[in-house]
Amino acid sequence: MIYGLCLLLIVVGLYGVVTKRNVVKIVISLAIMEYGINLFLVLVGYRTHGTAPILEEGMMPETLVAQSVDPLPQALVLTSIVIGLAVLALMVALCVRLYERYGTFDVTEMKKLKG
Amino acid sequence: MMHLVPLFMAVPLAGAFLAALPNRRLPWLPDLLGNLAMTWLTVTALSMVGHSGLCAVGDWGYLGIVLRLDGLAVLMLIAINGIGLCATLFSVSYMDRYTARGRYYSLFLLMVAGMNGVVLTGDLFNLYVFMEIAAIASYALVAFGCQHEELEAAFKYAVLGSVASALILIAVAILYGLTGNLNMTAVAVRLAADTDQPATLLAVGLLLCGFALKAALVPFHAWLPDAHPSAPAPVSAMLSGVVIKALGIYVLCRLVFNVFGATAPLLLVLRTLGTVSMIVGVMLAIGQWDMKRLFAYHSISQIGYVALGIGLGTPLGIAGGLFHMVNHSVFKSLLFLNAGAVEYAAGTRDLKRLGGLRGQMPVTANTSLVASMSIAGIPPFNGFWSKLLIVMACIEAGQNWLAVAAIAVSLLTLASFLKVQRYAFFEAAKSALTGVKEVPVLMRTAMLILAALCILTSLAVLAGWREPLLIGWAADALRGGVFGGVQ
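Residues numbered from 1 in each chain as written. Chains lettered and ligands numbered in written order. Predicted model: local features only at pLDDT ≥ 70, side-chain atom pairs only at ≥ 80, totals over all residues. Heavy atoms only, no water.

How would you summarise the interface of chain A and chain B if you had to cite specific residues and measurements?
On the side of chain B, 34 residues touch chain A, which itself brings 37 residues to the contact. Of the roughly 3100 Å² buried between chain A and chain B on both sides combined, carbon and sulfur atoms contribute 79%. At the junction of chain A and chain B, the tally comes to 0 salt bridges. Scanning the region where chain A abuts chain B turns up 5 residue pairs in polar contact (both at pLDDT 80 or more). Put simply, the parts of the chain that give the side of chain A that touches chain B at least two residues each are helix H1 (2–19), helix H2 (23–44) and helix H4 (71–102) of chain A. Among the elements that take part in the side of chain A that touches chain B, H4 of chain A stands out by supplying 16 residues, more than any other. Grouping the amino acids of the side of chain A that touches chain B by side-chain chemistry returns 27 nonpolar, 3 polar and 7 charged. (Contact = heavy atoms within 4.5 Å. Buried area = accessible area lost by both parts, 1.4 Å probe. Salt bridge = Lys/Arg side-chain N within 4 Å of Asp/Glu carboxyl O. Polar contact = N/O pair within 3.5 Å; in protein donor to acceptor, adjacent residues only side chain to side chain. Helix = DSSP H or I, 4+ residues; strand = E, 2+ residues; numbered from the N terminus. Nonpolar A, V, L, I, M, F, W, Y, C, P; charged D, E, K, R; others polar.)

Right under this line is the structure:
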């Protein structure tokens, strides 16, 4: 169920990338897709009623492994969020420059490249 | 030697940081840093020949990130850093027309660091991270001129590149969910033990789409003919020469052969994508009048050859494909440097407005003749041997029609390069171009090195092609199969 919602989020993002004309909306759609994937990554490591993967003092590592959620995907998501931020910043900068040059955000009016 | 392997990422990263520091007193410092870093990387990559092994980063043992050096990785490292060195040599004079030299070298070195990382890593998520480093740097480099076309091309490239990265990340997440591991060898072992999982098929499909987008195989090629010509010439040389290979074809081969195992349907997909790109790319190239755009379409076509050769899955096919990949990175980067030199000297790269540059720019004209003959597969040059190997492999595998297609595409390639030669260098000189002079010495050096490589590889073939060119060693790393290479 929740995996399905996550997939829905990714597909909504992809739909936006494909159909929107406004460059800012395309960037937002990419961000939505990114969030869907991050959510999916966290879900991969999730376990029902799992505890936070923190090894407390006096706790056996084995009990932690048996109880907690998988910490690795959480680390991956942090990295992926940072990468997503870098892409987002670059693309927003591109949008600003595009607006300066073309005076519009509409992709259909940006067609100096042909062939 | 293994302790030097992490430096392939660390040195360009450090160089990128230093080159980006603000400095007004020493305007030549970024040039020096860029060239020094690339020289060191090239020399070290060459010294890695014959070595292979694993390098666990940090004290995590098998749990941490593993760097894996094998034949294919060494071959790619030499190609990436060697071409990178020629491109930075060329940049010293060429980048005069742009501002922000420090940032240019910074982005360039980031791109190199990303590609070296992709080639060396043995970890799926790490692969994604390095791929993004290289990709983001290349989006910014395509937009470097900040003119209408450059921004438009960079936006298109960035959108399609991000979609590709997204698909790849989903696939990595699925593979982690299936196997509980990110190490390529461990994933391969788990997948081999547990075949026929529908989720594996989904992951494979997503990865194929993602990396085919990065490699610009038809029908995923839409961004390439815009992005590659819009970048500054040395960056175009890198993008067409090595980025599409390191981020696209190399990873595809690595995953298909060493992680999923080269099954018949996977190879069929690779072969089909390769043949279609080969034909469509050359068809679209013939009608182009912008030199760099024409070369960009040929990149699609030549990458098709590589995918076709490797997709045959036979030892001869793999060797031919890898050999063509290396050859293509040499002659295509040379062609883009030639186009940059023409643009630098004559101020245009429109073939209709060029002509008769042979007398005024002898070095550029002759090196471009060498590169054109190489890409068209004319006998004394390197492109001939690799195309011959691919055609022979097609016939050996019983795919006669593919062999016919490869030869036909080669003829069409020859036709379109004769057009370039005729309009740009032969023909009568145009009156508007009388004041054109040959380009500065560093740009000439870079072009001469690459042209010499075109001829030298061809001579090395005569001396026995497997050993001197490392192709046999690299192909063994792939053909080792699922558990192959270094464990």
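Can you tell me about the side chain of Ser-91 of chain B, naming the residues and giving the values?
Residue and element names in this part refer to chain B. Inspection of the secondary structure puts Ser-91 in helix H3 (residues 71–94). Reaching out from Ser-91, the side chain makes a polar contact with the side chain of Tyr-104 at a distance of 2.9 Å. Excluding anything up to four places from it in sequence, Ser-91 contacts Arg-101, Tyr-104, Tyr-105 and Pro-234.

Any chance you could break down the nonpolar core for me, citing the residues and the numbers?
Formed by 219 residues in total, the largest nonpolar core has its most connected members in Met-115, Phe-155 and Leu-322 of chain B. Sequence-distant contacts of Leu-322 of chain B, that is, excluding residues within four places in its chain, are made with Leu-72, Ile-310, Ile-471, Ala-474, Ala-475 and Leu-478 of chain B. (Core = buried A, V, L, I, M, F, W, Y, C linked by side-chain atoms within 4.5 Å. Buried < 20%, exposed > 50% of the residue type's maximum accessible area, 1.4 Å probe, protein only.)

Describe the pattern of salt bridges, listing the residues and the values that go with them.
All names here are of chain B. Scanning the entire structure with this criterion turns up 7 salt bridges over all chains. Ionic pairing is found between Asp-70 and Arg-254, a salt bridge with its closest N-O pair at 3.0 Å. With Asp-70 in the loop between strand S2 (66–69) and H3 and Arg-254 in helix H10 (residues 233–260), the pair connects residues that are 184 residues apart, well separated along the chain. For the pair Asp-70 and Arg-254, one class covers both residues: buried. Its salt-bridge partner being Lys-156, residue Asp-226 comes within 2.5 Å of it at the nearest N-O pair. Here Asp-226 is found in helix H9 (residues 224–230), whereas its partner Lys-156 is found in helix H6 (residues 148–179), with 70 residues between them in sequence. By relative accessible area, Lys-156 is classed as partly exposed at 36%. Each of the salt bridges in this network shares a partner with another, and the network as a whole consists of Asp-31, Asp-96 and Arg-101.

Before we move on, can you summarise the confidence of the model for chain B with the specific residues and values?
In regions of low pLDDT, the predicted coordinates are not meant to be interpreted in detail. Scored by pLDDT, chain B comes out at a mean of 89, with 97% of its residues at no less than 70. When mean pLDDT is taken per element in chain B, helix H5 (residues 124–142) of chain B scores highest with 95 and helix H18 (residues 471–479) of chain B scores lowest with 80. (pLDDT = per-residue confidence, 0-100.)

Give me the lowdown on the packing of H3 of chain B against H10 of chain B, citing residues and values where you can.
Residues and elements named next belong to chain B. For the pair H3 and H10, interaxial distance at closest approach is 8 Å and the crossing angle is 165°. For the element pair H3 / H10, the angle class is roughly antiparallel. Between H3 and H10 lies a crossing whose hand is left-handed. On H10, the residues touching Leu-72, Ala-73, Met-76, Ala-79, Ile-80, Ile-83, Gly-84, Ala-87, Phe-90, Ser-91 and Tyr-94 of H3 are Ala-233, Pro-234, Met-238, Val-242, Lys-245, Ala-246, Tyr-250 and Arg-254. (Axes fitted to C-alpha atoms, helices over the stretch in contact; angles between N-to-C directions. Parallel < 35°, antiparallel > 145°, perpendicular 65-115°, else oblique. Left-handed = near helix turned anticlockwise from the far one by under 90°.)

Can you lay out the packing of H5 of chain B against H6 of chain B for me, pointing to particular residues and giving the numbers?
Two numbers describe a pair of packed helices, the interaxial angle and the distance between the axes. Residue and element names in this part refer to chain B. Interaxial distance between H5 and H6 falls to 9 Å at its minimum, and their mutual angle equals 175°. With respect to H6, the axis of H5 lies roughly antiparallel. For the pair H5 and H6, the contacting residues are Leu-124, Phe-125, Tyr-128, Met-131, Glu-132, Ser-138, Tyr-139 and Val-142 in the first and Glu-150, Ala-153, Ala-154, Tyr-157, Ala-158, Gly-161, Ser-162, Ser-165, Ile-168, Leu-169, Val-172 and Leu-175 in the second. Classifying every residue of the contact of H5 with H6 by side-chain character gives 14 nonpolar, 4 polar and 2 charged.

Let's hear about unusual backbone geometry: which residues, and what values?
Residues and elements named next belong to chain B. Cis peptide bonds are those with omega within 30 degrees of zero, and the linkage from Val-218 to Pro-219 qualifies with 5°. Mapped onto the fold, Pro-219 is located in the loop between helix H8 (198–215) and H9. Although it is not a glycine, Cys-146 adopts a positive phi angle of roughly 60°. Along the chain, the position of Cys-146 falls in the loop between H5 and H6. A positive phi is found at Ala-216, a non-glycine position, where the angle reads about 60°. Locating Ala-216 in the fold gives a position in the loop between H8 and H9.

Please give an account of the state of the cysteines that cites residues and values.
Residue and element names in this part refer to chain B. Taken as a whole and judged by the stated rule, the model has 0 disulfides over all chains. The thiol sulfur of Cys-394 is not disulfide-bonded, and the nearest other cysteine sulfur, from Cys-253, lies at 15 Å. Classification of Cys-394 by relative accessible area gives buried; the value is 0%. With no disulfide of its own, Cys-454 lies 11 Å from the sulfur of Cys-86, the closest cysteine sulfur. (Disulfide = S-S within 2.5 Å.)

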